[in-house]
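# Summary of structural features
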Amino acid sequence: MAEQDKPKKSGIFQVFKDIVYGMSSHEMTRHAVRSRASMEHLFILITMGDLLGVPILPPYYSLRLLPYITPQISTWKRRMLRERDITDTLG
Amino acid sequence: MSLRQVFESHPERRYIMFGGKGGLGKTTLSATCAYWLARQGKRVLLFSVDPQASLSDIFQKDIFGKGAVPIIDNLWAQEIDADKRIQDYQNEIRQKILDMYGFDKVPEEIDSYIASASAEPAMEESAIFDAVVDIIVKGDYDYYIYDLVPLGHALYYLSMAKVYDEWINKITKLREEMGQYDRVAATLRRQESVEEDKILEELRYIKGRINASSRILTDKQRAAFFFVLVPEEMIILDTRKAAELFARFDVPISGYVVNRVLPQELRAGKIPAYLKNRINMQEKYLGDIRSTLGNQVLAYVPEMERDITGLPMIERLAERLFK
């Protein structure tokens, strides 16, 4: 998690703060981040659909967005093209 | 009203378009009009958005893809080379990817996408569309004269602005919602701020470009659209239909120019039956045009004895058109 990457402040107060965060808002944060990621994939689909053979939009202006999306392209394609199974609906 | 009066009484109409079916003389009339305006001391840019442009032919000078080429004092002509523009644009995108991520070369998957995107038929139209925005946004000239492609394309060109605009609105909204999730996550994590969304910035830029162009094309104050037709049944019917369609896109129609009218003086001489029939036929349809379009017709242009190429012929036609 992103929280672990940061250098932690010492002291009992910080430990207490982390515990409260873990108990209360960590799950909400995860949900927000996951929703955001799904939307990112939706966004790439409607702008870069051609990459999967789904032409959605005249490509001239979508090319302008390509540089910003470059790092996400491979994970996005994997997600869009993978086979779905029952665990998807459970998760 | 004559064509001359329209220009003199509406000096604010700076974006001039001639539309009509293919082969009726749009290029000839736009070149003539540009020539006349330049002779009046206005700075004029005549440009073609047609992939098979013929400005080079009419001015007997190769101007394709060379930017704005001076023709006479105050008159420049430009033919947009869409292919080259697409190539430059692709390279710009590739370079941006290299610069942003410090790659040595563009990843294969991305590169093949860039290459295949340019094969799309819409790419060329969009590239031209964007080039026109470039030209107009600079605002270097008093008059911009569009040598438009045949009607169907012209309508496509105009409707594209609307479609693009709606599409951009939708994804901009989605992007803004994504920003909200970012902010929620950041707040929950007690982060100070979120990164500025570069994509949203780009979307707003694209929206601005599209709006700039469609705003001008449908601006009743500053744009003038002239229909070119000839006295023939099918052309009259098609023009009527097209005029209705254009009205739906809010394109301000300033008037009609009837081209290729056979001179009545011919009747005086002894002429073959073939020619006589043509003159009679034209007379009938000229009557139709007068009764339906009436004073919206700004000029009747005679059929000349030879095709209009080169400056002396253009000058002669300008004298007839703006007398």
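Criteria and thresholds
- Residues numbered from 1 in each chain as written.
- Chains lettered and ligands numbered in written order.
- Predicted model: local features only at pLDDT ≥ 70, side-chain atom pairs only at ≥ 80, totals over all residues.
- Helix = DSSP H or I, 4+ residues; strand = E, 2+ residues; numbered from the N terminus.
- Buried ≥ 20, exposed ≤ 12 C-beta atoms within 10 Å, placed from the backbone.
- Contact = placed C-beta atoms within 7 Å.
- Nonpolar A, V, L, I, M, F, W, Y, C, P; charged D, E, K, R; others polar.
- pLDDT = per-residue confidence, 0-100.
- Pairing = 2+ DSSP bridges.
- Expected span 1.5 Å × (residues − 1).
- Axes fitted to C-alpha atoms, helices over the stretch in contact; angles between N-to-C directions.
- Core = buried A, V, L, I, M, F, W, Y, C linked by C-beta atoms within 7 Å.
- Arc of directions from axis to C-beta.

Within chain B, the secondary structure is distributed over 11 helices and 8 strands. Along the first, second and third principal axes, the C-alpha atoms of chain B reach 95 × 40 × 35 Å. Scored against the burial criterion, the 323 residues of chain B give a buried share of 37%. For chain B, long-range pairs separated by at least 24 residues make up 75% of all intrachain contacts whose partners lie at least 6 apart in sequence.

Turning to the overall build of chain A, a few remarks are in order. Helices and strands together make up the secondary structure of chain A, namely 6 helices and 0 strands. N-terminal to C-terminal, the α/β element order of chain A is α-α-α-α-α-α. Sorting the 91 residues of chain A into buried and exposed places 21% on the buried side.

Moving on to the interface of chain A and chain B. Each partner contributes to the interface: chain A provides 29 residues, whereas chain B provides 33 residues. Where the side of chain A that touches chain B is concerned, the elements lending two or more residues are helix 1 (2-5), helix 3 (26-48) and helix 4 (59-69) of chain A. Looking at the side of chain A that touches chain B element by element, the count peaks at 11 residues for helix 3 of chain A. Class assignment for the residues of the side of chain A that touches chain B results in 19 nonpolar, 5 polar and 5 charged.

A separate point is the confidence of the model for chain B. Residue and element names in this part refer to chain B. Across chain B, the average pLDDT comes to 87, with 95% of residues at or above 70. No element of chain B has a lower mean pLDDT than helix 7 (residues 151-188), at 77, and none a higher one than strand 3 (residues 69-72), at 96. As a predicted assembly, this complex carries a pTM of 0.78 together with an ipTM value of 0.72.

For a regular strand, the rule is simple: side chains alternate between the two faces of the sheet. Of all 5 residues in strand 4 (residues 75-79) of chain B, 5 are buried, a share of seventy percent or more. Count of turn residues in the strand 3 of chain B/strand 4 of chain B antiparallel hairpin: 2 residues, of which Asn74(B) carries a positive phi of about 70°.

In this section: helix 2 (residues 26-39) of chain B. Since one α-helical turn is 3.6 residues long, residues separated by three or four positions face the same way. All names here are of chain B. Helix length check: helix 2 (14 residues) gives 20 Å between terminal C-alpha atoms against 20 Å at 1.5 Å per residue, within 8%. Counted residue by residue, helix 2 has 13 buried out of 14 residues, so it is predominantly covered. Residue Gly41 follows helix 2 closely and has a positive phi angle near 90°.

The next point concerns the sheet that holds strand 7 (residues 253-261) of chain B. Residue and element names in this part refer to chain B. Pairing in this open sheet of 8 strands is mixed, and the strands run 3-4-2-5-1-6-7-8 from one edge to the other. The open sheet is flanked by strand 3 and strand 8 (297-302), the only strands paired with a single partner. In this sheet, neighbouring strand axes are inclined to one another by 25° on average, regardless of whether the strands run parallel or antiparallel. Sitting on the sheet, helix 9 (residues 233-248) is in contact with strand 6 (223-229) and strand 7, with an inclination near 160° to strand 6.

Below, the discussion takes up the nonpolar core. Ranked by internal contacts, the top residues of the largest apolar core, which has 97 residues, are Ala34(B), Val44(B), Leu46(B), Ile145(B), Phe226(B) and Val257(B). For Val257(B), the contacting residues outside a window of four places in its chain are Leu3(B), Leu29(B), Phe226(B), Val228(B), Leu298(B), Ala299(B) and Val301(B).

Our next topic: helix 5 (residues 108-117) of chain B. All names here are of chain B. Listing the buried residues of helix 5 in full gives Ile110, Tyr113 and Ala117. Down the axis of helix 5, the buried side of the element spans an arc of 60°, and every buried residue falls inside it. In helix 5, those exposed residues whose orientation departs by more than 90 degrees from the buried face are Glu108, Ser112 and Ala115.

The next point concerns unusual backbone geometry. Peptide bonds are trans in most cases, and residues, glycine excluded, mostly fall at negative phi. Residues and elements named next belong to chain B. Its identity is not glycine, yet Gln60 carries a phi of approximately 50°, on the positive side. Within the element layout of this structure, Gln60 appears in the loop between helix 3 (55-59) and strand 3. Given 9 C-beta atoms within a 10 Å radius, Gln60 is considered exposed. In this model, Asn74 sits at a positive phi of 70°, which is unusual for a non-glycine residue. Summarising the element assignment, Asn74 is placed in the loop between strand 3 and strand 4. We classify Asn74 as buried; it has 20 C-beta atoms within 10 Å.

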